[in-house]
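# Observations on the three-dimensional arrangement
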Amino acid sequence: MTHAVESRNIRNLVRKVVQESSVLDMHTHIYPPAFGKLLLWGVDELLTYHYLAAELFRYAGLPPEEFFRMDKPSQAELIWQKLFIEHSPLSESNRGVLTVLHSLGLDTGKRDLEECRAYFSGLKAWEYVNRVFELANVEAVVMTNDPFDEAERTVWLEGKGHTDPRFKTALRIDPLLMDWEGAARRLAGWGYKTSPELNEKTFAEIRRFLTDWIEKMQPLYLAVSLPPSFRYPEPGARTAVLENCILPVTARAGIPFAMMIGVNKLINPRLALAGDGVGKCDMGAVEALARNFPDNRFLVTFLSRENQHEACVMTRKFSNVMLFGCWWFMNNPSIIREITAERLELLGTSFVPQHSDARVLDQLIYKWSHSRELIAGVLGDKYEDLLRTGWQVSEEEVRRDVKNLLSGNFKRFVGWK
Ligand code: FIX
Ligand code: ZN
């Protein structure tokens, strides 16, 4: 063993390597400047992120409808006052805003929102994209590219989709599996001969739609968000579209299908994007898909903490499954520590520990700063346990393992070129 790391040094080495290793952020909602208003950035967008909006309504006796009628600066000022000034910003989403501002060199101790706003006023979007990617040490992100979203469709139909190699694509197809009747009408409007009746002709046209958009977007994977009630197989459109369209097309295209499972959409519709809830899903559905479609690859993440242990066990059984991220309500230090340890104990380094889900560009800074610290801490524990057996590791091996976790495992799984 060349240069075995001393046990007393392993923690510091792991922390250093995790900080230095760049990340491939495999699921986000951020876009390059060419996507126009789809790119959100700056302190007012940070403050009005739907995570904070949900928390605001717990303090401010304000009807959500009244809040959503306010303009963005007024929303941001109310959130700043209620969540940061009148109450200590202890929640993860609140702390995240301050991590971003502090990382940018702003003095959060002054609690001066106008001073923070002034920092952004002179910035160009492309300048800030470079600054954020550098500060977050992110080499590339995967977008969420939804052809059913008019603003997104327009960008691609105008040929502006591929403008920055740091922004990779993922084809998002929720309506096909969540609202087949509505999707059939949309596809028919775009010239696909689909009808709500799921027959071979319709299946062929759905496959043509998917193939057209795979050609246009060159996605690393196809993705969908599914409710806890998702079952497979089950009677109805969802299983039919999966079996006859999505799985054959992704297998032929050689790209994984990403299933993000556990969202109960709009449990409180008055909160809009902030109104979604969580539920435990049936792991048997994922096991059946992985078992019945061995030539397909599946990226999977689960929104409920109660699904995490069985997700690790399921992933052990299927090498065509890659478990990823601490998604949304899971993306909190207490849970990230718990499930990262569980995953290392059950899966070794054969998983993707995190994605940011950033919806505002600046969030890359805090989501990766917080996650790196947590992942390094748990990894340090595991290497210390390992060295206590007399096993030795080199710095190169630690760098190899960390690179696999932060980018290599995902790249190999999607056939990254
Ligand atoms: O379905 C998704 O991609 C979810 O991540 C989003 O809908 C959700 O709003 C989010 O951004 C959570 O972090
Ligand atoms: Zn997301």
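To be clear, the structure that these remarks concern was listed above.
Here's what I pulled together on the structure shown here. Small disclaimer: the values here were computed from a predicted structure and weren't measured.

### A look at the overall build of the protein
Helix and strand content of the protein: 18 helices and 10 strands. Computed over the C-alpha atoms, the radius of gyration of the protein is 22 Å, within 12% of the 22 Å expected from 2.2 N^0.38 for a compact globule of 417 residues. Each of the 417 residues in the protein was classed as buried or not, and the buried ones make up 55%. Per element, the accessible surface of the protein, about 17700 Å² overall, is 51% carbon and sulfur. Once the 51 positive and 54 negative side-chain charges of the protein are each reduced to a mean point, those two points are 2 Å apart.

### What to know about the coordination of the zinc ion (ligand 2)
Four donors placed tetrahedrally about a metal ideally form angles of 109.5 degrees, and six donors placed octahedrally ideally form angles of 90 or 180 degrees. The zinc ion (ligand 2) binds to the protein through His27 (NE2), His29 (NE2) and Asp357 (OD), with metal-donor distances spanning 2.0 to 2.1 Å. Here the donor residues of the zinc ion (ligand 2) are spaced in sequence according to H-x1-H-x327-D. By the burial criterion, histidine 27 is buried, and histidine 29 matches it.

### Quick notes on the site of ligand 1
Every residue lining ligand 1 is accounted for by His27, His29, Tyr49, His50, Tyr51, Arg172, Ser225, Met260, Trp327, Trp328, Asp357 and Arg359. Histidine 29 places a side-chain nitrogen or oxygen 3.0 Å from an oxygen atom of ligand 1. Summarising the interface, the protein chains cover 97% of the accessible area of ligand 1, which totals 330 Å² for the free molecule. Looking at side-chain class alone, the shell around ligand 1 contains five nonpolar, four polar and three charged residues.

### A few points about the pairing of strand S2 (residues 138-142)
Extensive coverage of S2 is indicated by the burial of four of its five residues. Bridge analysis of strand S1 (residues 23-25) against S2 gives three bridges, and the strand direction is parallel. Among the inter-strand pairings, valine 23 is bridged to a residue of S2, identified as valine 138. Sheet analysis places S2 next to strand S3 (residues 167-168), joined by two bridges and oriented parallel. Within the sheet, the bridge partner assigned to valine 141 lies in S3 and is phenylalanine 167.

### Concerning the side chain of threonine 301
Tracing the chain through its elements places threonine 301 in strand S9 (residues 298-302). Side-chain polar atoms of threonine 301 contact the backbone oxygen of phenylalanine 324, separated by 2.6 Å. Setting aside anything within four residues of it in sequence, one finds threonine 301 in contact with Met259, Met260, Ile261, Phe324, Gly325 and Trp327.

### Description of the pattern of salt bridges
Any two side chains of opposite charge can pair if their charged atoms end up close together. Following the criterion strictly, the structure yields 30 salt bridges and no others. One salt bridge connects arginine 117 with glutamate 114, and the closest N-O pair in it is separated by 2.7 Å. Residue arginine 117 and its partner glutamate 114 are both found in helix H7 (residues 113-121); the two are separated by three residues, about one turn of the helix. For arginine 117, a relative accessible area of 15% gives the class buried. Of the residues examined, glutamate 114 reaches a relative accessible area of 48% and is grouped as partly exposed. The shortest N-O distance in the salt bridge between glutamate 158 and lysine 160 comes to 2.9 Å. Overall, the relative accessible area of 49% leaves glutamate 158 in the partly exposed class.

### Looking at the sheet that holds strand S4 (residues 170-172)
Strand order across the open sheet formed by five strands is S4-S5-S6-S9-S10, with parallel pairing between neighbours. On the outer flanks of this sheet lie S4 and strand S10 (321-323), each paired with one strand and no other. On average, each strand axis in the sheet is tilted by 25 degrees relative to the strand beside it, whichever way the strands run. For strand S5 (residues 221-226) and strand S6 (residues 257-261), the ladder comprises five bridges, and the chain directions are parallel.

### Describing the pairing of S6
With five of five residues buried, S6 lies mostly within the body of the structure. Of the two faces of S6, the one holding Phe257, Met259 and Ile261 and the one holding Ala258 and Met260 are both buried throughout. Handedness of the crossover is the feature at issue here: the chain leaves S5, passes through helix H13 (residues 237-253), returns alongside S6, and the resulting connection is right-handed. With five bridges joining them, S6 and S9 adopt parallel strand pairing. Counted as the bridge partner of alanine 258 is leucine 299 from S9.

### What to know about the packing of aromatic side chains
Scanning the entire structure with this criterion turns up 19 aromatic pairs. With centroids separated by 5.4 Å and ring planes inclined at 90 degrees, the aromatic side chains of phenylalanine 57 and phenylalanine 67 adopt a geometry described as edge-to-face. Of this pair, phenylalanine 57 sits in helix H3 (residues 50-59) while phenylalanine 67 sits in helix H4 (residues 64-69), placing them 10 residues apart in sequence. Here the two residues phenylalanine 57 and phenylalanine 67 agree in accessibility, since each one is buried. Consider the rings of tryptophan 190 and phenylalanine 209, whose centres lie 6.0 Å apart with planes at 15 degrees: the pair is stacked. Of this pair, tryptophan 190 sits in the loop between helix H11 (180-189) and helix H12 (200-217) while phenylalanine 209 sits in helix H12; the two residues are 19 residues apart in sequence, bridging distant segments of the chain. Connected via pairs of aromatic rings, a cluster forms that spans Trp41, Tyr119, Phe120 and Tyr128.

### Digging into the nonpolar core
One finds Leu176, Phe257 and Met259 to be the most contacted residues of the largest nonpolar core, which totals 143 residues. Among the elements that make up this core, the one with the highest residue count is helix H17 (residues 363-387) (10 residues). In this view, phenylalanine 257 contacts Ile173, Leu177, Leu222, Ala223, Val224, Leu242, Ile246, Leu247, Arg297, Phe298 and Leu299; residues no more than four positions away in its chain are not counted.

What counts and how
Residues numbered from 1 in each chain as written. Chains lettered and ligands numbered in written order. Predicted model: local features only at pLDDT ≥ 70, side-chain atom pairs only at ≥ 80, totals over all residues. Heavy atoms only, no water. Helix = DSSP H or I, 4+ residues; strand = E, 2+ residues; numbered from the N terminus. Rg over C-alpha atoms; globule rule 2.2 N^0.38 Å. Buried < 20%, exposed > 50% of the residue type's maximum accessible area, 1.4 Å probe, protein only. Areas by Shrake-Rupley, 256 points an atom, 1.4 Å probe, with all protein chains shown as cover. Lys, Arg positive; Asp, Glu negative; His and termini not counted. Charge placed at Lys NZ, Arg CZ, Asp CG, Glu CD. Donors = N, O, S within 2.8 Å, 3.2 Å for Na, K, Ca; no water. Near = heavy atom within 4 Å. Polar contact = N/O pair within 3.5 Å; in protein donor to acceptor, adjacent residues only side chain to side chain. Nonpolar A, V, L, I, M, F, W, Y, C, P; charged D, E, K, R; others polar. Pairing = 2+ DSSP bridges. Contact = heavy atoms within 4.5 Å. Salt bridge = Lys/Arg side-chain N within 4 Å of Asp/Glu carboxyl O. Axes fitted to C-alpha atoms, helices over the stretch in contact; angles between N-to-C directions. Right-handed = clockwise from strand over helix to strand, strands pointing away. Phe/Tyr/Trp six-rings, centres within 6.5 Å; stacked < 30°, edge-to-face > 60°. Core = buried A, V, L, I, M, F, W, Y, C linked by side-chain atoms within 4.5 Å.

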